[in-house]
Amino acid sequence: MPNFVSDPLNDPLPPLDEEPSHPEYSQNLRDVLHMSDIQQLTITSILATDLSLGLRRIPAGFHVIVEADGAEWRSSNKPVHVDQVVVEWNEYIALPSESSSKVRISVYASFELGPMLGHGERLRTFEVSVGELLDRSEGSRPFVFQPKAGDVVSSCTSFFATVEQRMSYEDDAPGLFPIAPSTSCDTQTSRLMTDAGHCLLTRYYRMQDSRNLDQSLKHFERASELCPIDHPCYPAALFNLATAKLVSCQVNGTYLDLDIPISLFQDALDLRPTSHPDRPITQLHLSIALLSRFARRGFQTDADAAEGLLNEVLDVCHANSHVYRAALLAIETSALHPAGSIDGQDLGQGWPIASMLPWSLDELARRGELCLQRDDPHALDEVISHHYDALEYYSPMHAARGQLLCNLGAMLHTRFQRRGNSLGLDKGIGHLRPSLALHSASHPHRAVPLDSELSTRCSHQGNDQDLDEGIVLLREALALCPVGHALRSASLNNLAGGLFISFSHRGNHQDLDEAIMLHREALALRPVGHPDQSSSLNNLANGLCTRFSHRGNDQDLDEAIVLQREGMALCPIGHAFRSTSLNNLAGGLFNRFFHRGNDQDLDDAIVLLREALALRPVGHPDRSSSLNNLANGLSIHFKHRGNDQDLDEAIVLLREAMALLPIGHPYRSGSLDNLANGLFTRFKHRGNEQDLDEGIVLQREALAFRPVGHPDRSSSLNSLGNELSTRFEHRGNDQNLDEAIVLQREALALCPVGHLHRSMSLSNLADKLHTCFSHRGNDQDLDEAIVLDREAMALRPVGHPNRSESLNNLANGLCTRFEHRGNAQDLNDSLVHLRSALTLLTQHHPRQLIVNSSLSSVYLLFHRSALDFTGQDTDSLDAAMHHLKAAANSVSGNLRLRLRESLRWVHHAAQHAHGTELEAYSTSMHLLDVYMSATASVSSRHNAMKEFPRTLAVDAASCALRRGDVYHAVELLEQGRTLIWTQMARLRTPLDSLQERGDHAQALMKKFRHLSSLLDTPPANHSERTSRVDAEAESTRYRRRVEDWNAVVEEIRKVEGFGRFLLSPLFSDLQDAARDGPIIILIGSESSCDAIIIPHEQPPTSIQLPTNFDKLLKLVIAIRQNIDKEAGPKGTQPGLIKALREIWDDVVRPVVENLDRFARRPSRIWWCPTFLFNFLPLHAAGEYKRGGRSLSQLYVSSYTPSLTALIRARRSSDGSSSFAAIGQNHPPGHSHPLEAVEPELELVQSLLPRPPTVLFTKVTSVESTKSRVLHTLQDHHWLHFACHGRQDLLEPFKSAFLMRDQPLSLLDITQTNMSRHEFAFLSACETAVGDIQTPDEAIHLAAGLQFSGVKSVVGTLWNVDDSTVRRLVEAFYKNFCGNGKMDSRRAARALHRAVQMLACDKDMPLDQRIVFMHIGI
């Protein structure tokens, strides 16, 4: 094992701290490893955790060195993401054969991913026997490491190696070879110098001894001198030296020397071209050096160059990488710190090393002050430890001991505030009590620290005795500081703080008033220029804001904001308390926004909060507070503007905040409350009940932390009550409603007259009572709700941002009472309030939707009751439709609610035959399309479709037909049907023609393809163990990608010739589907049943069919029932024949009688059935009597799910002739094999043209795994399936062909590119049957193949017998390949003739003769 050689610079390098070697391990089985059948022991994988923890430098990657028997193995150098806890290497490393042999293992952080010079920074190193490694591997017991001496946390908390005994015949495993020593002496020395430099730089970061930094510089300089310029590691040598030089400049304040590291970084960058893996980390460090020089010298070129470098880093690095995060932080920091604003101390790295003697009181005080300004857990623990050392050194009567006790109490108090450890707080009070005895009664500082501790313990543990004792001590301290005393302002400030805590704990307004008075006096004693003036300004402002919150005096609020602005002016960029001033001013602006509704206040507050958060990076003690504040601001912004991104960002921030506040932390309850409220808001916006349930769990936890007497208890009561009431509305559990009312009554009792939140509590209780009345019909509940709503409205005068909400709530209560009691005054008052509410809202306010909805309900009541509501000529029904339209078109409103309102509009317009009915249908289908596009997976889209009317599209078409607009009827059907397939097709739209429109168009095409590819990738299936945070992040990414995709589509539409790109097609476009024969669309709605015949060039014709919805439904049921019945003698099925005759009489015959104008017999026709027509075998309709007519005698029938699908299927292809026949006769779960499958594959092969005309592949039952079949689908464009088919009616995308190992589902097929496929024959059961819940989505295997790109498909409507299949397959392929060639356009005629041949066999059951149908061209 190599050791460090003597330093050529005559400054010997101290040994690194190492982990203790693990003791020799002895077990009988391990005493001797018999090697007769074993080639060697091998490490096959390594796991290490928390490698980034505690690192002071930005790592490029991590690797492991294993040393044994004088050889050294090095693993690959793995980059790690910021949030990656576990790093895994799956590489083979040979070990010695003897169990007693020693192995030395070291884990390193590297600072380059390319050629490495040396090892990097050593994180852990330990020695262990081979026997113990093997034993731990078999017992799955990792090595767990404690923090290194003097560290609170250290990198690499655990290590685990999997060791296997490799047999002699297992010699094919990839293994690592020992590292060969360098042949160059200079290169080897350069590597040793580099390792020594890393070691010294690490030690400097830990111990802050500048001598280590100086020695590190010397080693890196020597390494760069020894490394040849043309050596691949030379850039690494330059980079290491530049890093140390930059640190030296920052520590020593020699900013004029920054040119040196900048030049070195630039030289390293020049040697690392664009493709070099270490270019981003070099760009990052160069940009940081440039920004440092810019901050000191103000060269704008430095800032511009740094910005360009950082943006390049962001473009190429993963968003979770260390380099990316550091670059992002550098950009944010540079934005907040312009030239000349950065204090040199902010860039400094260290403090002097501790000596063997205790630190002086001055040094302890200085370090303690630094700990208060920065959140460095290690530094704080170190200061506390040194205080304990000093206490042991000084005798009990030493003059310094009292001050030491005071300081130690303050440090423990600080640690409690940051980490929530009440034991630390109790210890702090224990130390301060003796300090009180050591100060004389006349000492002005005698009481201050102990009071602060007692007040804090009271705040978090609720001990009134602590509070009283603290205030008494503070009054004593103030008495010792009369007017004119230098410390009077501090005593005034401290006593005011104690009284403020007393008010927060007990609600005594006299305490608050006295606190404000004391703060005013303290401020008067701190004039302009006083170092603590900003603190007094903020303290007084906070007191005034609190008093405003409880009494509502505008003067208090205005004065508070003036004071907060003045205080912030005294805390410029770089000031330690700037973030506090920013937060305080933002809070004042939020209060004023709530009170007066000025949007500018809201916007300004969020800007301030973002700056405050940027000043509190990860690790800052107040970061959780800033996260909560900004999240709450964004939630408010969302409620008033409706931007989804605000809501998503707020919840991400709230989860981060809560993660920083573990159980037991004093501020956890507030974070729980905030996150619960954020989830509740999102539930109301998107309807995910998981959000609601999680919010209730969190809110209950928050309430448990806020017992009776807690100042924030009413907030938790209100929130929990709202969430329980909402869950009652969704699930109907009376217990939820009753509990909600109890909670709201308690909350209202805690908000007496004058309390700022009383109006909210009144409104919440009123809402629950209104819900209770609707559920139970108790008039007393409704009357009380109205009384409460009136009081709430009185507390929200004109200008209050929630006045419109109160007006709407009161109006709804009055409207409900009118419906139950008929008092016209209630209805009139309701209308007046709603009109007032609407005038208070801006055009794009999200609440516009709710108020317009309420107004529509009131106007509909006026219409039904025939009351005169205005004395004007406005018709109440027209007014109702106007407001329903406004609600549906409220662009800032919740999309789900807009869709609901559009459906209300459809319902009422249809009910009253209003002129806006057709517009309402169009709006609804557009909103449904948009809503579906924001849903990530096809299964979730299908579930979403179930929530909305199944007949929306056909009802819309019927409406258009009633108005004589056949063209619009066709367009509406195409717009509102097969939405799931349409969404998928949009993401696969070819855009080759856009390339010819210039560079901008080409860029749009690339962006469209990229985003479409991302959206078309199926989302991950989250297991129960997947964190909500990860699932939410993925959902947020999907929504943002949809927004980006929509924006690109809008840009493409601006390109000449692409104005209607991906818009719903016009009839003129859709008519092209009929170029090979007419298309018959069948429409069945409650109002009428119609057929539309679409020829290629002539106008469409509509025919009203002599049937109705009820008869259709009975017919569908009859078909299904009779299919399942066994056939009688000679294959007769009387019930089925009767149903087919009815289809002929009521549906097909009226169409056929009109077809002669458009199609010669026996030409082809296409059926496009909707809703219930999807379940009828139209191709089999006939009179079924001697000499009777049937459709099959007159025309060749095909089907298409939509006109667009047929147009897409006619796109040209490459004419490939690769044919695959796929069979599976015995899938899992089936007891009896399909004996006819293998013979069927042979039959198909025998009937196809021989190679090279057709290139045939057979996938037998033994071979047909899901994976093999998927590969076959991609490589062959003509397909024949012979297997079991399964239609899943509950989850139709799980419908599948059953393969040998697992099903090949419809979802699997849709994710396969089949855009060049010609034909598929589905010799399986139920391959063309949709589900009854969403019939117009055509979710079945045959349609799925067509939508995925297959031009022509033969499928089955129900179960098919083996004997039927063999005869039909033989007849079909004889006709299909009769001329020695295959043509997908001949499939329909080939099937038609094959079925006619079967029809001659009267012994075959009728249902088997008509089971096959054709879809496509």
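Residues numbered from 1 in each chain as written. Predicted model: local features only at pLDDT ≥ 70, side-chain atom pairs only at ≥ 80, totals over all residues. Heavy atoms only, no water.

1. Focus: the overall build of the protein chain
When you go through the protein chain residue by residue, the secondary structure sums to 53 helices and 23 strands. Restricting the contact set of the protein chain to residue pairs at least 6 apart, pairs at least 24 apart contribute 70%. Accessible surface, the protein chain: about 60,400 Å² in total, of which carbon and sulfur atoms supply 52%. (Helix = DSSP H or I, 4+ residues; strand = E, 2+ residues; numbered from the N terminus. Contact = heavy atoms within 4.5 Å. Areas by Shrake-Rupley, 256 points an atom, 1.4 Å probe, with all protein chains shown as cover.)

2. Some thoughts on the packing of helix α4 (residues 234-252) against helix α6 (residues 279-297)
Direction vectors running N to C along α4 and α6 enclose 25°, while the axes themselves pass 11 Å from each other. In terms of orientation, α4 lies roughly parallel with respect to α6. With respect to the hand of their crossing, α4 and α6 are arranged in left-handed fashion. Residue-level inspection shows Phe239, Thr243, Leu246 and Gln250 of α4 in contact with α6, the latter providing Ile281, Thr282, His285, Ile288, Ala289 and Ser292. Of the residues belonging to the contact of α4 with α6, the class tally is five nonpolar, five polar and no charged. (Axes fitted to C-alpha atoms, helices over the stretch in contact; angles between N-to-C directions. Parallel < 35°, antiparallel > 145°, perpendicular 65-115°, else oblique. Left-handed = near helix turned anticlockwise from the far one by under 90°. Nonpolar A, V, L, I, M, F, W, Y, C, P; charged D, E, K, R; others polar.)

3. Some remarks on the packing of aromatic side chains
Overall, the coordinates contain 25 aromatic pairs when judged by the stated rule. Where phenylalanine 1109 meets phenylalanine 1171, the ring centres are 5.7 Å apart and the plane angle is 15°; that geometry is what we call stacked. Residue phenylalanine 1109 is found in helix α43 (residues 1109-1123), and its partner phenylalanine 1171 is found in the loop between β13 (1164-1169) and α45 (1191-1194); the two are separated by 62 residues along the sequence. Between phenylalanine 1321 and tyrosine 1373, the aromatic rings sit 5.9 Å apart at their centres with planes inclined by 35°, giving tilted as the arrangement. Of this pair, phenylalanine 1321 sits in strand β21 (residues 1319-1323) while tyrosine 1373 sits in helix α51 (residues 1362-1376), and the two are 52 residues apart along the sequence. Residue class for phenylalanine 1321 comes out buried when judged on its relative accessible area of 0%. (Phe/Tyr/Trp six-rings, centres within 6.5 Å; stacked < 30°, edge-to-face > 60°. Buried < 20%, exposed > 50% of the residue type's maximum accessible area, 1.4 Å probe, protein only.)

4. Section: unusual backbone geometry
Note that the residue after arginine 1161, namely proline 1162, is joined by a cis bond; omega there is 0°. Checked against the element boundaries, proline 1162 lands in the loop between α44 (1134-1155) and β13. Note the cis peptide between proline 1251 and proline 1252, where omega equals 5°. For proline 1252, the location among the structural elements is in the loop between α47 (1237-1247) and β16 (1255-1259). The backbone of serine 140 shows a phi angle near 50°, a positive value even though the residue is not glycine. Mapped onto the elements of the fold, serine 140 is located in the loop between α1 (130-138) and β8 (143-144).

5. A closer look at the packing of helix α19 (residues 554-569) against helix α20 (residues 578-596)
Look at α19 against α20: their axes get within 9 Å of each other, and the N-to-C directions meet at 155°. As the angle between them shows, α19 and α20 are arranged roughly antiparallel. The chirality of how α19 crosses α20 is left-handed. Each of Asp554, Leu557, Asp558, Ile561, Gln564, Arg565, Gly567 and Met568 in α19 lies in contact with α20, whose residues at this interface are Arg578, Ser581, Leu582, Asn584, Leu585, Gly588, Leu589, Asn591, Arg592, His595 and Arg596. Tallied by class, the residues present in the contact of α19 with α20 amount to six nonpolar, seven polar and six charged.

6. Here's the deal with the environment of leucine 495
Note that leucine 495 resides in helix α16 (residues 488-506). C-alpha separation for the pair leucine 495 and glutamate 514, spaced 19 residues apart in sequence, amounts to 9.5 Å. The contacts of leucine 495, once residues within four sequence positions are left out, are Ile471, Leu474, Arg475, Leu478 and Leu518.

7. Quick look at the pairing of β21
Where burial is concerned, most of β21 is hidden: five out of the five residues are buried. Covered by surrounding structure in β21 are Phe1319, Phe1321 and Ser1323 together with Ala1320 and Leu1322, the residues of both alternating faces. With five bridges joining them, strand β17 (residues 1278-1282) and β21 adopt parallel strand pairing. Across the sheet, the residue bridging to tryptophan 1278 is phenylalanine 1319, located in β21. Pairing of β21 with strand β22 (residues 1352-1356), which is carried by three bridges, proceeds in the parallel orientation. In the strand pairing of β22, phenylalanine 1319 is matched with serine 1352. (Pairing = 2+ DSSP bridges.)

8. Brief notes about helix α25 (residues 689-704)
Here α25 is 16 residues long and its end C-alpha atoms lie 23 Å apart, about the 22 Å a rise of 1.5 Å per residue gives. Within the sequence span of α25, burial applies to Asp691, Leu692, Glu694, Gly695, Ile696, Leu698, Gln699, Ala702 and Leu703. Capping of α25 at its N-terminal end is provided by asparagine 688; its side-chain oxygen lies 2.9 Å from the backbone amide nitrogen of glutamine 690. (Expected span 1.5 Å × (residues − 1). Polar contact = N/O pair within 3.5 Å; in protein donor to acceptor, adjacent residues only side chain to side chain.)

9. Examining the sheet that holds strand β19 (residues 1296-1297)
A sheet is described by the order of its strands in space; here three strands give the open sequence β18-β19-β20, paired in antiparallel fashion. Either end of the sheet is taken by a strand with one partner, and the two such strands are β18 (1285-1286) and β20 (1304-1305). The pairing of β18 with β19 spans two bridges and is antiparallel. Across the sheet, the residue bridging to arginine 1286 is alanine 1296, located in β19.

10. What to know about the side chain of arginine 686
As for its placement among the helices and strands, arginine 686 is situated in helix α24 (residues 668-686). A distance of 3.0 Å separates a polar atom in the side chain of arginine 686 from a polar atom in the side chain of aspartate 648. Not counting residues within four places of it along the chain, the set of residues in contact with arginine 686 comprises Asp644, Asp648, Asn894, Arg896 and Arg1039.

11. Considering the sheet that holds strand β6 (residues 102-110)
In space, the four strands of this open sheet follow the order β3-β2-β6-β7, with antiparallel pairing throughout. Where the open sheet ends on each side, the last strands, each with one partner, are β3 (71-74) and β7 (121-129). Going across the sheet, the axis of each strand differs from the next one's by a mean of 20°, ignoring polarity. Note: β6 against β7, eight bridges, orientation antiparallel. If you follow valine 103 over to β7, its bridge partner there is valine 128. This element, α1, spans β6 and β7 of the sheet and lies at about 100° to β7.

12. Focus: the pattern of salt bridges
Scanning the model with the defined rule gives 54 salt bridges in all. Of the charged contacts, one joins glutamate 1370 and lysine 1374 as a salt bridge, the two residues approaching to 3.2 Å between their closest N and O atoms. Of the two residues, glutamate 1370 and lysine 1374 are both situated in helix α51; the distance of four residues between them amounts to about one turn of the helix. (Salt bridge = Lys/Arg side-chain N within 4 Å of Asp/Glu carboxyl O.)

13. Some points on the confidence of the model for the protein chain
Chain-level pLDDT for the protein chain is 83 on average; 83% of the residues reach the 70-or-more range. Across residues 1-38, where pLDDT falls below 50, the model places 70 contacts with residues more than four positions away in sequence or in other chains. Counting contacts from residues 420-463, a segment whose pLDDT is below 50, to residues more than four positions away or on other chains yields 102 contacts. (pLDDT = per-residue confidence, 0-100.)

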